[in-house]
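Fold and geometry: a report
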Amino acid sequence: MSADPRSRMPRTDAVLADPRLVAAVGTLGKGLVLSAVRSAQERARRSEIPPEDVVEAAVAGLPDSATSLRRVLNATGVVVHTNLGRAPLSAAAVRAMSAAAGNTDVELDLASGLRGTRGKGALSALAAAVPEAGAVHVVNNCASALVLVATAVAQNKEIVISRGELVEIGDGFRIPELLGSTGARMVEVGTTNRTTVSDYRDALGPETGCILKVHPSNFTVRGFTAEAAIHELASLGPPVVADIGSGLLTADPRLPGEPDASSTLRAGADLVVASGDKLLGGPQCGLILGDEALVHRLRRHPIARALRVDKLTLAALEATLQGPRPPVREMLEADPTELRARAERLLDQLPDSTKAEVVPSESVVGGGGAPGQVLESAAISVPVALAEPLRHSRPPVVARVEDDRCLLDLRTVDPGDDERLVAALCQAVEEG
Ligand SMILES: *Cc1c(COP(=O)(O)O)cnc(C)c1O
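These lines cover the structure that appears in this document, whether it is placed above or below. Just so we're clear, the structure is a prediction, and the values are computed from it rather than from any experiment.

Here the focus is the overall build of the protein. Helix and strand counts for the protein stand at 17 helices and 17 strands. Viewed in the frame of its principal axes, the protein has a C-alpha envelope of about 90 × 55 × 40 Å. Intrachain contacts of the protein at a sequence separation of at least 6 include 74% that bridge at least 24 residues. In the structure as shown, the protein presents an accessible area of about 21100 Å², 51% of it carried by carbon and sulfur atoms.

Below you can see the structure in the form of structure tokens.
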């Protein structure tokens, strides 16, 4: 045997002939398998592993799937976490997406064999959930809904909006800039803390395209404040559009400050726009509900085509609306006493060396919903040094770091994942 490891380096095609790697080419594709092989060869070249181990190292280095997106456990206590993909879908929605993934009758009427209304099932489920809406439409997200409304109703015209509602959604995206990019002119009325119906009235004129009310969904203003109610704005004349943000379809007594589509339409809004992947608990999409003629105008506007949702979104939305309650609802309604009991049960399964304890915790809705509202919860508190190894476990666990402790808030963890959470903690302790 040669002393130089390079001369013992197995050839790439010899490594690729290993049956496990042949199978992996079928599930992951050649590119990903090749890069696992190349990095194993590279390690052997640097003498980190003997050349004889290249095949094993390549197999061990294969990714789990052909996408780099990974499932993570959300132990942050933030129910709708934008960085973690917002609402986790229900099992019913996941099945619906999988069924629609191949060829599907998204735009075909199987009974007649003729072209059908795209996404009819999802649209009728949405209409049925909000009977106050004369018509409904679905686009890519709430930002798309705003773009469509502004383009169709207020291009080269004015959108009248309160200075207290010039909201930044996140990541530097600001609603007034988004609307302005469509060619609508923003007319700001009132002040940061107080805007009255006469402020709006004074700003109306022949150039007014619509009045827009935006729910301040990620901050609160308290103290000396005033805002005009939808029913007051509805009497002014121009169409009133309400961006309610979170996508609650009907009022939820647990979230008293959160506007919902039904009540907002009943109060006189002509259009309501909202996100599908916040409190509704569905896929990313933008819901548009309201006046039949207006919704029809939006749907037929040329830009609507650029904002349309795909079959997977329609499938998941319909299943979210028709199927069992989505995880977001379960998480919002979880009882703090039961969460605590669950935390105690998990604690019992952890080795003493974890230095874990059960502590009260405060979850939040997050992701642009119910700002300032706290949901009493329970967490497993572990040393802050475990936060990083937890993020590297399989599946990764994302916790909340608070007061130099790492908190695993159980409200946002599916009880079906409890065993995985315990396993990840045990592994993190071993490595730490
Ligand atoms: C979240 C939010 C948006 C943006 O919604 P996307 O679906 O992310 O585009 C717009 N307006 C309000 C009030 C929001 O809360």
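Those residues of helix α2 (residues 19-28) lying buried are Leu21, Ala24 and Leu28. On an axial view of α2, the arc spanned by its buried residues comes to 50°, and they lie on one face. Opposite its buried face, α2 presents the exposed residues Pro19 and Gly26, each directed more than 90 degrees away. Tucked into the core, α2 has its buried residues touching α1 (12-16), α3 (30-45) and α4 (54-60). Its side-chain oxygen placed 2.9 Å from the backbone nitrogen of Arg20, Asp18 serves as the N-cap of α2. Downstream of α2 by a residue or two, Gly29 has a phi angle that is positive, lying close to 95°.

Within the fold, Ala87 resides in the loop between β1 (73-74) and α5 (91-100). When the C-alpha positions of Ala87 and Gln284 are compared, they lie 8.4 Å apart, and in sequence the two are 197 residues distant. Here Ala87 is in contact with Val80, Asp277, Lys278, Gly281, Gly282 and Val328, once residues within four sequence places are set aside.

Turning our eyes to something else, we now look at the packing of aromatic side chains. Across all of its chains, the model carries zero aromatic pairs by this definition. Taking the ring centre of Phe224 as reference, the NZ or CZ of Arg194 above it sits at 4.0 Å.

Bringing the pattern of salt bridges into the picture now. For side chains bearing opposite charge, pairing can occur when the charged atoms are close. Counted by the stated rule, this structure contains 33 salt bridges. Asp18 is paired through a salt bridge with Arg20; the nearest N and O atoms lie 3.1 Å apart. We classify Asp18 as buried; its relative accessible area is 15%. Owing to a relative accessible area of 37%, Arg20 belongs among the partly exposed residues under this scheme. Glu177 serves as the salt-bridge partner of Arg174, at 4.0 Å between the closest nitrogen and oxygen. Overall, Arg174 belongs to the partly exposed group, its relative accessible area being 42%. Each member of the salt-bridge network shares a partner with another, and the members are Asp252, Arg254, Arg325, Arg329, Glu330 and Glu333.

Ranked by internal contacts, the top residues of the largest apolar core, which has 34 residues, are Val138, Tyr200, Leu233, Val272, Leu287 and Leu289. The contacts of Val272, once residues within four sequence positions are left out, are Ala242, Ile244, Ala261, Thr264, Leu265, Leu287, Ile288 and Leu289. Formed by 29 residues, the second largest nonpolar core is a distinct cluster that contains Ala145, Ala150, Ile159 and Leu212.

Consider a sheet: its strands pair through backbone hydrogen bonds, and that pairing is either parallel or antiparallel. If you walk across this open sheet you meet the four strands as β13-β14-β17-β16, and the pairing is antiparallel. In the strand order of this sheet, the two ends are held by β13 (357-364) and β16 (400-402), each with one partner. The average undirected angle you get between the axes of adjacent strands in this sheet is 45°.

Before going further, it helps to spend a moment on the environment of Arg70. As for its placement among the helices and strands, Arg70 is situated in the loop between α4 and β1. Along the chain, Arg70 and Val15 lie 55 residues apart, while their C-alpha atoms are 27 Å from each other.

Calculation rules
Residues numbered from 1 in each chain as written. Predicted model: local features only at pLDDT ≥ 70, side-chain atom pairs only at ≥ 80, totals over all residues. Heavy atoms only, no water. Helix = DSSP H or I, 4+ residues; strand = E, 2+ residues; numbered from the N terminus. Contact = heavy atoms within 4.5 Å. Areas by Shrake-Rupley, 256 points an atom, 1.4 Å probe, with all protein chains shown as cover. Buried < 20%, exposed > 50% of the residue type's maximum accessible area, 1.4 Å probe, protein only. Arc of directions from axis to C-beta. Polar contact = N/O pair within 3.5 Å; in protein donor to acceptor, adjacent residues only side chain to side chain. Phe/Tyr/Trp six-rings, centres within 6.5 Å; stacked < 30°, edge-to-face > 60°. Lys NZ or Arg CZ within 6 Å of the ring centre and 35° of its normal. Salt bridge = Lys/Arg side-chain N within 4 Å of Asp/Glu carboxyl O. Core = buried A, V, L, I, M, F, W, Y, C linked by side-chain atoms within 4.5 Å. Pairing = 2+ DSSP bridges. Axes fitted to C-alpha atoms, helices over the stretch in contact; angles between N-to-C directions.

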